Amino acid sequence: MYAVLAQDILDSPSLTTWYVSFVIAGVIITLVVILVAIILTMARRIAVQATLITEALEDSRANTEALWDVAAVNEGLTSIVANAQAARGVLGARL
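Values in this document were obtained by computation on a predicted structure and should not be read as measured data.

Student: What is the right way to read the overall build of the protein chain from this model?
Tutor: For the protein chain, the helix and strand inventory stands at 3 helices and 0 strands. Entry remark: accessible area of the protein chain is about 8,900 Å², with carbon and sulfur atoms responsible for 71%.

Student: Honestly, the pattern of salt bridges in this entry has me stumped. Any pointers?
Tutor: Any two side chains of opposite charge can pair if their charged atoms end up close together. Throughout the structure, instances matching the rule amount to 2 salt bridges. Salt-bridge contacts for Glu-58 lead to Arg-61; the nearest nitrogen and oxygen are separated by 3.2 Å. Of the two residues, Glu-58 and Arg-61 are both situated in helix α2 (residues 16–64); the distance of 3 residues between them amounts to about one turn of the helix. For Glu-65, the salt bridge identified is with Arg-61, shortest N-O distance 2.7 Å. A relative accessible area of 43% means that Glu-65 is categorised as partly exposed. Of the residues examined, Arg-61 reaches a relative accessible area of 44% and is grouped as partly exposed. The network of salt bridges with shared partners includes Glu-58, Arg-61 and Glu-65.

Student: What exactly am I supposed to notice about the packing of aromatic side chains here?
Tutor: A ring pair, where both rings are aromatic, is described by two values, the distance of the centres and the angle of the planes. Within the structure shown, the criterion is met by 1 aromatic pair. With a centroid separation of 6.0 Å and 45° between ring planes, the pair formed by Trp-18 and Phe-22 is classed as tilted. In this pair, Trp-18 and Phe-22 both sit in helix α2, 4 residues apart, roughly one turn of the helix. One exposure class covers both Trp-18 and Phe-22, and it is exposed.

Rules used throughout
- Residues numbered from 1 in each chain as written.
- Predicted model: local features only at pLDDT ≥ 70, side-chain atom pairs only at ≥ 80, totals over all residues.
- Heavy atoms only, no water.
- Helix = DSSP H or I, 4+ residues; strand = E, 2+ residues; numbered from the N terminus.
- Areas by Shrake-Rupley, 256 points an atom, 1.4 Å probe, with all protein chains shown as cover.
- Salt bridge = Lys/Arg side-chain N within 4 Å of Asp/Glu carboxyl O.
- Buried < 20%, exposed > 50% of the residue type's maximum accessible area, 1.4 Å probe, protein only.
- Phe/Tyr/Trp six-rings, centres within 6.5 Å; stacked < 30°, edge-to-face > 60°.

See below:
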């Protein structure tokens, strides 16, 4: 009689496997949601930092833009000094 009951238990569909599968699936889904939330949080931080870096680079570009005019100013000053020396030479020769 016990052998027949054991065989009936083995042959009957058991919901334990389904419950264990649901628990495992729930744990896996929870882990995936947590990992995606972490990834999205890190992506947001990176985006904020990238925006701050871009603003800092724009500020530094604006602050150093005048350096590109140094060559033109130097050229103009060299021309003024050369003309002043030539004028001094002409005035010195007349006196």
